[in-house]
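Here's the letter readout for the chains.
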Amino acid sequence: MQFSIALLAAALAGLSSASPTPADITRRFVSGNCGLHVTQWQKHEHGVDSQYEFDVILKDAIGATVGGASRMPIADYSSASISSDLPDNLEIRIGSVDSDSVSFAYAGQAFSSSQGCSTGAYDSGNRDMDCGFQC
């Protein structure tokens, strides 16, 4: 009996009830043709101050949302980085006027509102963009 209890105690000693640490948590996404939907909000319209604001939705190859941002302000001639469950960050770079392209970069790939994305016209203070890239 004592041997059985000792054996059971030794077996259970290897089990832990500790919570996983951040290093134990892995990012989850399906690689392939990923997508990006962006809404660019014009300056001085609908509560936007002097910086463009962006809503960003990142989707993996099966269309699952893996990251994004909501009403993220970006200063003129600046860039912002968006982290997600994807292995690399998405970079967004803007100019200063409505006619300037919005540029994107992901893992060495470059595309923009004027090349590689489907971009609508400004309407009611914003415009929408849809882009695809390999992830």
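Computed from a predicted model, the values in this text were never measured in an experiment. Counting starts from 1 at the beginning of each chain's written sequence and moves along it residue by residue. Since the coordinates come from a predicted model, pLDDT governs what is reported: local features require at least 70, and pairs of side-chain atoms require 80 or more to be given and counted, while whole-chain, interface and lining totals use all residues. The side-chain figures draw on all heavy atoms in the structure; neither hydrogens nor water molecules are used.

**What about the environment of Val102?**
Take Val102: it is sitting in the loop between strand 5 (90–93) and strand 6 (103–106). We call two residues in contact whenever any of their non-hydrogen atoms come within 4.5 Å of each other. Once residues within four sequence positions are removed from consideration, Val102 is found in contact with Gln40, Phe54, Ile92, Arg93, Ile94, Phe111, Ser112, Ser113, Arg127 and Met129. Working definition: helices are DSSP H or I runs of at least four residues, strands are E runs of at least two. Numbering for both runs from the N terminus.

**A word on the nonpolar core**
Buried residues of nine kinds, namely Ala, Val, Leu, Ile, Met, Phe, Trp, Tyr and Cys, make up a nonpolar core once their side-chain atoms join them within 4.5 Å. Buried residues are those whose accessible area, probed at 1.4 Å on protein chains only, stays under 20% of the maximum for their type, while exposed residues exceed 50% and partly exposed ones sit between those limits. Leu36, Phe54, Leu90, Ile92, Phe104 and Phe133 are the most contacted members of the largest nonpolar core, which has 25 residues in total. Taken together, the elements giving at least two residues each to this core come down to strand 1 (33–41), strand 2 (52–59), strand 3 (65–74), strand 4 (79–82), strand 5, strand 6 and strand 9 (126–134). Not counting residues up to four positions away in its chain, the partners in contact with Leu90 are Leu36, Val56, Leu58, Ala80, Ser81, Ile82, Phe104, Ala105, Tyr106 and Phe111.

**Here's the deal with the sheet that holds strand 3**
The strand order 3-2-1-9-8 describes an open sheet built from five strands, whose pairing is antiparallel. Strand pairing shows two members of the sheet lacking a second neighbour, strand 3 and strand 8 (117–119), which therefore form its edges. On average, each strand axis in the sheet is tilted by 15° relative to the strand beside it, whichever way the strands run. Alignment of strand 1 against strand 2, held across seven bridges, turns out to be antiparallel. Residue pairing across strands places Leu36 opposite Leu58, the latter belonging to strand 2. We call two strands paired when DSSP finds no fewer than two bridges between them. Helix axes use the C-alpha atoms of the stretch in contact, all axes being lines fitted to C-alpha atoms, and the angles between their N-to-C directions lie in the range 0 to 180 degrees.

**Description of empty space enclosed by the protein**
A 1.4 Å probe that fits into a set of points on a 1 Å grid over the protein atoms alone but cannot get out defines a cavity; an open set with protein on both sides within 12 Å along at least five of seven lines defines a pocket, and lining residues are those with an atom within 4 Å of a point. Grid points are joined across faces, edges and corners, and a volume is the space filled by probe spheres set on the points. Following the criterion strictly, the structure yields one cavity of 30 Å³ or more and no others. By volume, the largest cavity amounts to about 30 Å³. What lines the largest cavity is simply Gln40, Tyr52, Ile94, Gly95, Ser96, Val97, Asp100, Ser101 and Val102. Ten residue types, Ala, Val, Leu, Ile, Met, Phe, Trp, Tyr, Cys and Pro, are classed as nonpolar, four, Asp, Glu, Lys and Arg, as charged, and the remainder, Gly among them, as polar. A class-by-class count of the residues in the lining of the largest cavity yields four nonpolar, four polar and one charged.

**Considerations on the environment of Gly68**
Within the fold, Gly68 resides in strand 3. The contact partners of Gly68, leaving out residues within four places of it in the chain, are Val56, Ile57 and Ile82.

**So, the pattern of salt bridges**
Take a side-chain nitrogen of Lys or Arg and a carboxyl oxygen of Asp or Glu: if they are within 4 Å of each other, that pair is a salt bridge. For the structure on display, the rule yields two salt bridges. The residue Asp76 makes a salt bridge to Lys43 at a minimum N-O spacing of 2.7 Å. With Asp76 in the loop between strand 3 and strand 4 and Lys43 in the loop between strand 1 and strand 2, the pair connects residues that are 33 residues apart, well separated along the chain. Lys43 sits in the buried class, given a relative accessible area of 18%.

**Side note on the state of the cysteines**
Every disulfide links exactly two cysteines, by a covalent bond between their sulfur atoms. Here, the term disulfide refers to a pair of cysteine sulfur atoms separated by no more than 2.5 Å. Under the definition given, this model contains two disulfides. Residue pairing for Cys34: its cysteine sulfur links by disulfide to Cys135, the two sulfurs lying 1.6 Å apart. With a gap of 101 residues between them, Cys34 in strand 1 and Cys135 in the segment after strand 9 connect regions that are remote in the sequence. For the pair formed by Cys34 and Cys135, the shared burial category is buried. The disulfide partner of Cys117 is Cys131, and the S-S distance across this bridge is 2.0 Å. Every disulfide takes its handedness from the sign of the S-S torsion; for Cys117 and Cys131 that torsion is 110°, giving right-handed. Linking Cys117 in strand 8 with Cys131 in strand 9, this pair joins segments that are 14 residues apart in sequence.

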